[in-house]
Every structure is written in C-alpha cells, then in structure tokens.
Amino acid sequence: MPPKLFILKRRKVKGSAFKRILSRQITFILFVISIPHYLYSQSISGKIENNFGEKIPMANVIIKDSINSGRIKEFVIAKNGQYSISLKGSYQKIIIEVSANKYIKGFFEIENPANSKSYTANFILYKDENIQLKEVTVTTKAKSFIVKDDTVKYNVAAYKDGSERKIEDIIKKLPGIEVNETTGVISYKGKSVETVKLEGDDLFGSNYTVGTKNINVDMIEQVQAIENYSDNPLLKGIESGDKVALNLKLKKEKLNFSGDMDFGSGVSDGAKLMYNAGLNILGISKKYKSFGTLSYNTIGINNSPFDYFSYNQGAEQIEKVDFLAKKIIPESFYASSLDDRRANLNNAWFGNYNNVFKIGNRSSIKTNLYYIHDRINSIQQSGSNNFINNRQILTSDYYSIEKSPTQYRGDVEIKYNSSKNSLVEYKFRLSGESINTSTNVLQNNTSNYQTELKTKDFKLRQSLLFTQKITGKKALQLFFNHSSNDIAQNYFLNPSVADPLVYSTDNQYSNFRNAYVSVRSVLLGSTEKTKYTFSIGSNAEKNPFQSRLTSKKNGITHINNLFTNDFTYKKYTLYSEGSFHLNLRKWKISPSCSLTYLQQNLTNKIVIQNTKKENIIFEPAFTLKYKFNNVSAVLGTISYNQKPLSEEYLFTKPIYISNRTIVKNEPGLELQQITSFGIFYLINNLYKQFQFNLSANYNRGRGNFFPNIFILENSTQVVYFYLPKSNENINFDFLIEKYMPVLESTIRLKSNYSISIYKNIVNNSNLRNNKNQFFSSELFMKTAFDIPINFENVVQNKKVQSQSENSKSFKNETINNTFKIIVKSAKNWFILLSADYFLPNTKKTDEDYLFLDAALRFTPKRKKFEVNFIAKNILNNKNFRQIETTDFSINNFQSNLLPGYLMLNISYNF
C-alpha cells in the first residue's frame, strides 16, 4: 500500500508541474512575440477641427509609410474631433492622413519616430470647394493665410494686384496689419511690431523699414505675423508675451544668392533730368544671412529709416528718445498734407549693409552699416493772421531753403551662448551726423536775411545683457547700458537780428550733451496660469548745456552776455518694479507698480545757483482683458505716472531759434503727474475677413511748462513757465473693415476724434484756457473682380477747430480723394492710373488741386526683366497751399512741388 500511495502522489505532482511549465512557456512565447510591439510602437493622438474651430464629428485617420502610397498600414475612426491610436508596426517614417466628408485631406509626417514615444498631431481641415462637372474642374485659389498656433502666415501671392514693388506695399494690404504712411512703423492687432525678421533672423532690429522699404516683393513667399514673440529664446514661455513681430519667408529659389537692380531716367518740366536707381543684394546660407542696398534718386523717395524731409520719427527714434540730447534750434522741416514723394525735391544717396554670421552653434555676430547723403531744396511761403486782444497782426515769410544732411553709422551685436541655459549679448552703436541748412528769407516783404544752420550730432551707445535660465520656468537677467550724445549747433544770421544798427552778423551757438549709465537686474517667472517680473535698477544721467550769442562789428567778434547759458542738469534714480499676469480662463489680470527714488540737481554757472530736489515716486498700473473667443476681446487700462519735465526747459537766457523767434524759460524741477485711462474692443476674424476696432483714451497731465507768447510784426518771444495746472487729451478711434462677397470688394471705414485742452498766455493776456478739436474719417473701397480691371478709392475728410475761451473759433475742413484704376490686360502687361484730388479749404472750392499719375509695366515671359514707364504729376502742379489753425491765428502755408516728369525704368532680378 505505501508504494502505491507514493506513486499516486508522485503522478499528481508531475501533472501540476506540467501545467505550470506549459503556462510559463506560453507566457514566454507571448512575451517574445510582443517584444517588437513594446520596442517599436508609438501612440498618436490629437484633435481634428475645421477652420472655424469646430470639432469634426467623424473622420478617418490612416497610417502610411509614404505620402503617395495607396497601402494602408493601420487606421482608426475619429469621433467628436478626437482620435487616439497605438501603432503595432515598425516605421522609418509615419504619414498620418486624415480625411472627412466635404473636407480637404490633411497630412502630418513624423521622420524617424522614436520608440515607445507618444506624439500629438492636431489637424485643421478646410472645406473642399473643388467642383467637378464631367470634364470641367473649377478650383479655388490658394489660401490667403494659414493660422498655426501664435502665427498667421499670409500668402503674398494672394494679396498682390500687380501695383506692388516693395514688400511694404503688400504688408499694407494684410488684414490685421497697419503701416504708418509717413514713418513706415508697423502695428499688428493694435500693437507696435518689435522687428521684421528675415528667414527667422533679426537682421534689421528696430530699423526694420530698411527691409520693408527695399526688399523686392517678388522675393517673398510669406509674411508671418507672430504673437507672443520673444527676441530672447531663453525667455520663450516665461516673459509676458505681449510682443509681436513679423517674419519674411523667402521663395525657395531665393535662398542662396539673389537680388534686383533698377535704373530709371526721365525728364521733367524745364528739361531737368530725373533719376531713380537702386541695387539690392540678398545672401542666404546655413551660417550667414545678409542684405545690402544702395540707391540714388531725385524723385522724392526716402529709402532710409531716417526722415530729413518732414522729421517724422521712426520706431527706433521713438524707442531711444530718453538716451538723446535735445536739439534746441530746430531744423527746417516740411509739414505737408501731401505724400512726401510729391513735395520732397531731393538728391538722395542711401547705402546700407546688414549681415548675421553664426560662429558654430553658440555664437553669432550681426553688423548694420548705414550711409546717407541728401540735398533737399524747398521754396516755402507762410502767412499768419493773428487775432490777439482785439488786434490783428499780420506776418509773412518767404523761404528758399537748401538742406544737406550726411550720416555715417555702424552697429555691432554679438551673442554668445555660454551654455544651453545662458546667453550673453553685447551691442555697440556709433554714429556721426552733420546737417547744413542754408536759407534766404524775405520777412514781411521788407527785410532780407541769409541764415545758415550747422548741426553736428555724435552718438555712442553700448549695452551688455546676461540671461540665465534658472529652471524651465524662471530666468534672471542682468543689464548694463551706457550712452553719450553730443549735439553742437551754430546758427549764423546776416544781417544781425540782435542789434542790426550796431552789428553786421550774429552767431547763435548751442551745445547740449547727454551721458547716461544704467544697471538693472530682472527676475522673470511663470506658472501654468501666471507670469511675473521683478526688477531693481539704477540710472545716472548728466546733461551739460552751453549757449552764447556772438555778433560781429567791423570784423571783431563780441559776446552778448545777456544771451549766455551754462548749466548742468543731473538726474539719479533708484527703483524697483514688479508686474504680475494672471490668466483665469477668458480673463487676464495684469497689475504692476514701481517705487522710485529720484534726485535732481541743477547747477547754473551764470547766476551761481545750485538747486536740488528729491522725490519718492509710486507708480501703479492695472490692465484687465476679457477674451470672448479667439477673434475678439475687450481691454481696459489705467495708470498713474510721475516724471521730471524735459531738460530743454531749463535754460534761462534767450536763444534765437529763427530769424524772428527767441525762446527762454523760467526753470523748475517739479514733476508732471500723468493719469491715463483706456478701453479697447477688438475683433479680428481672418476667416470671415472682418475687422472691428473701437477705443477711447483719456490723459491728464498735471504740472506743465506753459508758453507765454508775445507776437509782433517782426519778432516773436516765447517764455516757458511752470504751473501746477493740467493739460487734457481725449481720443476716440473707430475702424471697421469687411470683405463683401456680393460686391467682390473690401470696404473699410476709419475715423478719429480727439480733444486737446491746454493753456497759454498771449501778448500779456491772462492765462487762457484753450480747446482744440480734430476729426478725421476715411472710407476705403477696393474691388477684387475676377476680370482684368479693378478699382480702388479712398476718400478722407478732416476738420479742425481751435478756440480760446471768450474768443472766436478758428475752423478748417479739408477733403482728399484718391481713385485708382488697376488693369491687368494680359499676363505680361500691367497698367495703373490714379487721380488725387485735394481741397485744402472747403470754403474756398476754387482753390483745389488734381494730381494725375500713370504707370505702364511690361514683364517678359522669362520674368527676369521688367520695363516700367511712369508719368507723375501729369498736370504739372507747381505749388500746394494748405491751412492750419491755432487758438489765436489762421496760418497759410505754401510749398513748391516736384514738377511733372516722365521716366523709363528697367528692372532686373537675379
């Protein structure tokens, strides 16, 4: 018995072991079979929406290994705009194809997919508007734009009508983007553009108009508008993200070496020869980018970012104004309602070279070189009818002006990544500028003067910035800035205006200098819903100023001590600042504040006086934004600021700034207190081609230097004095733009209404309260007919009313209408006809102006050459008169114009 029992137990053990062994073998086999799946599989998920942001109910998601392959490897059905798939195969390349009923297919490609990695691929599908009827297919045009994340990519070809020459001409037409007609400054969705990049590199900096004014439109494939832009890659996703920028994407065939050259020659009224010539060269490689331009013209074109004709400030001049010395004696400028190209009688050379060279993977050097030389001629006539204290004072001046500006400038920027989380940036700028302006003046039809203003302006600026990314969500920055600016002016007057009975000539000398040093440290951080910035810093600024008037008698120079100024103004600040941005779903809350210690010192060496003033300044600000959806938002802002007034109000002795005007001040070191409110409502729906902007702003500045003006027939004296009184400004802006499919036209209405309330004293009056009102409206319409001829019309109306309390008001209203006919008679021919009508004063309809222009362009099939025939100012208008009003006068201003001319221009692209 025992042995049998033993055998039975043994058999039971063997059966149980066999099952365990078999189970283990099966598990091992399954594991071995599944190894490739675990080693090579990927998971892919994402969203599928249409171009309106709506989820697509059902779509097919197909996995291929080649975009042209008809073989399906794997697939899944997407429902309610969501899909997820775990791949079973091994792939060198993954092609994801998404298709849905009535939509164009979407594709996404993954090169060399990593093993066991999860990928996200979101799709936006567009309606399939291709209609096929038997053998006839009607296909829609290429999409005018694509929206991807924070970037809108505008297809340049979709916005061209043939009239464009430079990329700036296209940028003006892009929805959501505005270009200032006089300065070239660009804004996107109401925000000023930081820079215009070229193929992802910031080649031009804030002087981006060098590129937009000179790069040929045929070189560019896309203009990309980038929101949440950061010029420092280490701060991407950390800083607040309120910046915007543009990027120019080149056509593929332009990626190595390309360019264009133009030469135009023609004749104007009086058989004077006219020229317009230019050369632009673009070089692109993996490590190097460059753009150079050289131009010469006598037809009023300003290809540079510096305006010596009407002195409109560009983006860089506005940004750097705090680092500049003041120019006390103003240069002659030309304020005309017309386009500068009609009134600018120039002889302009402009040369510029920009390049970025990457040294390895960590360093880059950027250089920007500028050369400008011009000779501007103008004949002007001004007349003022002044109504002061029940008395009428008439003044008139006739000017013949020749101004010759010259500027040399060089910029260098070096970047070095000492590690993947640190960046060092050094910038250096050196420029020298000289302007000589000779003027012959006939004053009140009785007195003749010859004046010459010589201005020399030297600038040096350098900065050092170190950025350390502490973690993925925090960064520290250290800044150092140094700049110096020296402006020396000599204003020669013949005969003497100081004392013509004693002296023969005068020389008014003025020299303002500025030396500036600052240090600053900034801590930046972000979380899922917040972003913050804390900084501390210090600034030191020194502004010495000297002026004197010397007069000659019998060849001997005499110094007039009554016209001598010599003071030094110093300003020191120590400050801390903080800002915080909180995102709560559709709300964005942004409070900020700063606390500043300010010390001012004014040392006057003439009267032996030293004035010192200290202030503790608290400046809060608050911004609240509510985003209704992806295309519309409302924004409110409020701020309170205190700042010292400009140092140009600190000299006490008179200075001649023209042959009839002298200026002096009653200085003070008080602060101006500025309170600002603003509300903005914005809609920018690119898909529906609709834009709507409405805004209101209020500014109140308490504490100002007010003018005490004393006007006589032959002279004007202005004394600026400080009062703790307020100036106020109220501004309303409105814009609506819509493409109307029924009319096949874009219609835009834009208007502005502003009120300025200010104070002054005129000819020993009491302190006067004045009000100036300005209203402008513009109606724009452009057709997009699918025929060879299209039309564009812009009508503008402007109204100005100025009045002092208990006095008569001075009004003026102007009308301007521009009409264009755009003809594409064949692929090789283009015709542009335009008519500009101006009525400077609606009460005098007989004093109007009509300008007719024409352009004919022929492009051969090879498209390398282009021939243009241009006719400008065909009716040969020689002068233009306009009217301006103040609270006590009506002023007539007349200037000569570029004569009518005919020009033949040949362009070559390479």
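Everything discussed here concerns the structure shown above.
From a predicted model like this one, the values you see are computed outputs, not experimental measurements.

Novice: Lay out the overall build of the protein in plain terms, naming residues and giving numbers.
Specialist: Regarding its fold elements, the protein presents six helices and 48 strands. Taken along its principal axes, the extent of the C-alpha atoms in the protein is 155 × 70 × 55 Å. Per-residue burial over the protein gives 45% buried out of 910 residues. Of the contacts formed within the protein by residues at least 6 apart in sequence, a portion of 63% connects residues at least 24 apart. Roughly 47300 Å² of accessible area belongs to the protein as shown, and the carbon and sulfur atoms make up 56% of that amount.

Novice: Now, about the pattern of salt bridges: what can you tell me, with residues and values included?
Specialist: Following the criterion strictly, the structure yields 36 salt bridges and no others. Residue Lys 249 is joined to Glu 199 by a salt bridge in which the shortest nitrogen-to-oxygen separation is 3.6 Å. Of this pair, Lys 249 sits in strand 17 (residues 244-250) while Glu 199 sits in the loop between strand 15 (191-198) and helix 4 (209-214), placing them 50 residues apart in sequence. We classify Lys 249 as partly exposed; its relative accessible area is 33%. Put simply, Asp 887 and Arg 768 hold a salt bridge, and the shortest N to O gap is 2.5 Å. You can see Asp 887 sitting in the loop between strand 46 (879-885) and strand 47 (889-896) and its partner Arg 768 sitting in strand 40 (residues 768-783), a full 119 residues away along the chain. Arg 768 matches Asp 887 in its accessibility class, with the two residues each being buried. A single network of salt bridges, built from pairs that share partners, joins Asp 161, Glu 164, Lys 173, Lys 782 and Glu 792.

Novice: An account of the environment of Asn 448 is requested, with residue identities and associated values reported.
Specialist: Residue placement: Asn 448 occurs in strand 26 (residues 447-471). In this structure the C-alpha to C-alpha distance between Asn 448 and Lys 286, which are 162 residues apart in sequence, comes to 63 Å.

Novice: With reference to specific residues and values, describe the packing of aromatic side chains.
Specialist: Within this structure, the stated rule accounts for 36 aromatic pairs. Relative to Phe 357, the ring of Tyr 288 has its centre 6.2 Å away and its plane inclined at 65°; by these criteria the two rings are edge-to-face. A residue pair is termed long-range when its members are at least 10 positions apart, and Tyr 288 in strand 20 (residues 288-297) and Phe 357 in strand 21 (residues 348-359) qualify at 69 residues. When the ring of Trp 587 is compared with that of Tyr 626, the centres are 4.7 Å apart and the planes differ by 55°; the resulting orientation is tilted. Highlighted residues: Trp 587 in strand 31 (residues 587-604) and Tyr 626 in strand 32 (residues 609-627), separated in sequence by 39 residues. Here Trp 587 falls in the partly exposed class, since its relative accessible area comes to 40%. We classify Tyr 626 as partly exposed; its relative accessible area is 22%. We note Arg 548 situated over the ring of Tyr 509; from NZ or CZ to the ring centre the distance is 4.4 Å.

Novice: Give a detailed account of a positive patch on the surface, specifying residues and quantitative values.
Specialist: Together, Arg 513, Lys 542, Lys 570 and Lys 605 give the surface a local cluster of positive charge. The partly exposed category is assigned to Lys 542, whose relative accessible area is 41%.

Novice: Lay out the sheet that holds strand 15 with the relevant residues and their values.
Specialist: What the seven strands build is an open sheet, ordered 11-12-16-17-15-14-13; its pairing is mixed. Every interior strand has two partners, whereas the edge strands, strand 11 (145-148) and strand 13 (177-179), have only one. Neighbour-to-neighbour, the strand axes of this sheet turn through a mean angle of 30°, independent of strand direction. The pairing of strand 13 with strand 14 (residues 186-188) spans three bridges and is classified as antiparallel. Counterpart to Ile 177 in the pairing with strand 14 is Tyr 188.

Novice: Pulling in residues and values, what's your account of unusual backbone geometry?
Specialist: The omega torsion of the bond from Asn 494 to Pro 495 falls at 5°, within 30 degrees of zero and hence cis. Counting through the fold element by element, Pro 495 comes out in the loop between strand 27 (474-494) and strand 28 (505-526). Backbone geometry places Asp 149, a non-glycine residue, at a positive phi of 55°. Residue placement: Asp 149 occurs in the loop between strand 11 and strand 12 (151-155). A positive phi angle, close to 50°, is found at Gln 689, a residue other than glycine.

Conventions used here
All residue numbers here refer to positions counted from 1 along the written sequence of the relevant chain. Owing to the predicted nature of the model, reporting of local features is limited to residues with pLDDT of at least 70; listing and counting of side-chain atom pairs is limited to 80 or more, with chain, interface and lining totals taken over all residues. To get the side-chain values, take all heavy atoms of the structure and skip hydrogens and water. Secondary structure is summarised from DSSP: a helix means a run of H or I of at least four residues, a strand means a run of E of at least two, and numbering begins at the N terminus for each. Each residue gets one of three labels from its accessible area relative to the maximum for its type: buried under 20%, exposed over 50%, partly exposed in between, using a 1.4 Å probe on protein chains only. When checking whether two residues touch, look at their non-hydrogen atoms; a contact exists if any pair is within 4.5 Å. What sets the accessible areas is the Shrake-Rupley method with a 1.4 Å probe; for residues, cover comes only from the shown protein chains. Within this document, salt bridges are pairs made up of a side-chain nitrogen of Lys or Arg and a carboxyl oxygen of Asp or Glu, the two lying within 4 Å of each other. Side-chain rings of Phe, Tyr and Trp, where Trp is taken by its six-membered ring, are said to pair if the distance between their centres is within 6.5 Å; with planes under 30 degrees apart they count as stacked, over 60 as edge-to-face, and otherwise as tilted. By definition, being over a ring means that NZ of Lys or CZ of Arg is both within 6 Å of the ring centre and within 35 degrees of the ring normal. In this analysis, a patch consists of residues with relative accessible area above 30% that form no salt bridge, clustered at 9 Å for like charges and at 5 Å for the nonpolar side chains Val, Leu, Ile, Met, Phe, Trp and Tyr. By the counting scheme adopted, Arg and Lys are positive, Glu and Asp are negative, and His together with the chain ends is not counted. A single reference atom marks each charge: NZ on Lys, CZ on Arg, CG on Asp, CD on Glu. A pair of strands is considered paired only if DSSP assigns at least 2 bridges between the two. Only the stretch in contact is used when a helix axis is fitted, and all axes are lines through C-alpha atoms; the angle between N-to-C directions ranges over 0 to 180 degrees.

The analysis is restricted to geometry; functional conclusions fall outside its scope.
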